[in-house]
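# Notes for the structure review
For reference, the chains in residue letters:
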Amino acid sequence: MDGTLPLPASAVQITEVVITQFKTHTIDIEYRVKTSNPNSFPLILSPAEYTFSVRGTVWDKGALPQGLQIPPKAVKAYLKP
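What comes next is a walk through the structure. (Residues numbered from 1 in each chain as written. Predicted model: local features only at pLDDT ≥ 70, side-chain atom pairs only at ≥ 80, totals over all residues. Heavy atoms only, no water.)

### A look at the pattern of salt bridges
One pass over the full model with this rule turns up 1 salt bridge. We note a salt bridge from Glu-16 to Arg-32, for which the minimum N-O separation is 2.9 Å. Separated by 16 residues along the polypeptide, Glu-16 in strand β1 (residues 11–22) and Arg-32 in strand β2 (residues 27–37) bring together distant segments of the chain. (Salt bridge = Lys/Arg side-chain N within 4 Å of Asp/Glu carboxyl O. Helix = DSSP H or I, 4+ residues; strand = E, 2+ residues; numbered from the N terminus.)

See the structure below:
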């Protein structure tokens, strides 16, 4: 026995990217994020940074909310402006 437990993998997915406003030098982007927890216990999301690039040009950088709790056997979706 190696002391580990096989656990189903949780997931964080960006399911949609919406450009809400486009100006000459700036854009406003919203992300629809889906988290899933197939385990029988809650998970707490630790800090996760992201970079959104289009054709090698960075359009946005940020972080997902720290401390977001995903209930057991649940899928949670939220909007990140």
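What follows picks up the thread again.
### Some remarks on the packing of aromatic side chains
For any pair of aromatic rings, the description rests on two quantities: the centre-to-centre distance and the angle between the ring planes. The final tally for this structure, using the stated rule, is 3 aromatic pairs. Ring centres of Tyr-31 and Phe-52 lie 5.9 Å apart, and the angle between their planes is 75°; on these two criteria the pair is classed as edge-to-face. Residue Tyr-31 is located in strand β2, and its partner Phe-52 is located in strand β4 (residues 48–54); the two are separated by 21 residues in the primary sequence. Accessibility expressed as a relative area gives 21% for Phe-52, which makes it partly exposed. (Phe/Tyr/Trp six-rings, centres within 6.5 Å; stacked < 30°, edge-to-face > 60°. Buried < 20%, exposed > 50% of the residue type's maximum accessible area, 1.4 Å probe, protein only.)

### Comments concerning the side chain of Thr-35
Here Thr-35 is to be found in strand β2. You can call Thr-35 buried: its relative accessible area is 0%. Residue contacts for Thr-35: discarding those within four places in its chain leaves Ala-11, Val-12, Leu-68, Ile-70, Ala-74, Val-75, Lys-76 and Tyr-78. (Contact = heavy atoms within 4.5 Å.)

### Details of the nonpolar core
The nonpolar side chains of soluble globular proteins are, as a tendency, buried together. Ile-29, Tyr-31, Val-33, Leu-45, Tyr-50, Leu-64, Leu-68 and Tyr-78 together form the largest nonpolar core, which totals 8 residues. Broken down by element, this core gets its largest block of residues, 3 residues, from β2. In this structure Val-33 touches Val-12, Gln-13, Ile-14, Leu-64, Lys-76, Ala-77 and Tyr-78, once residues within four positions along its chain are discounted. (Core = buried A, V, L, I, M, F, W, Y, C linked by side-chain atoms within 4.5 Å.)

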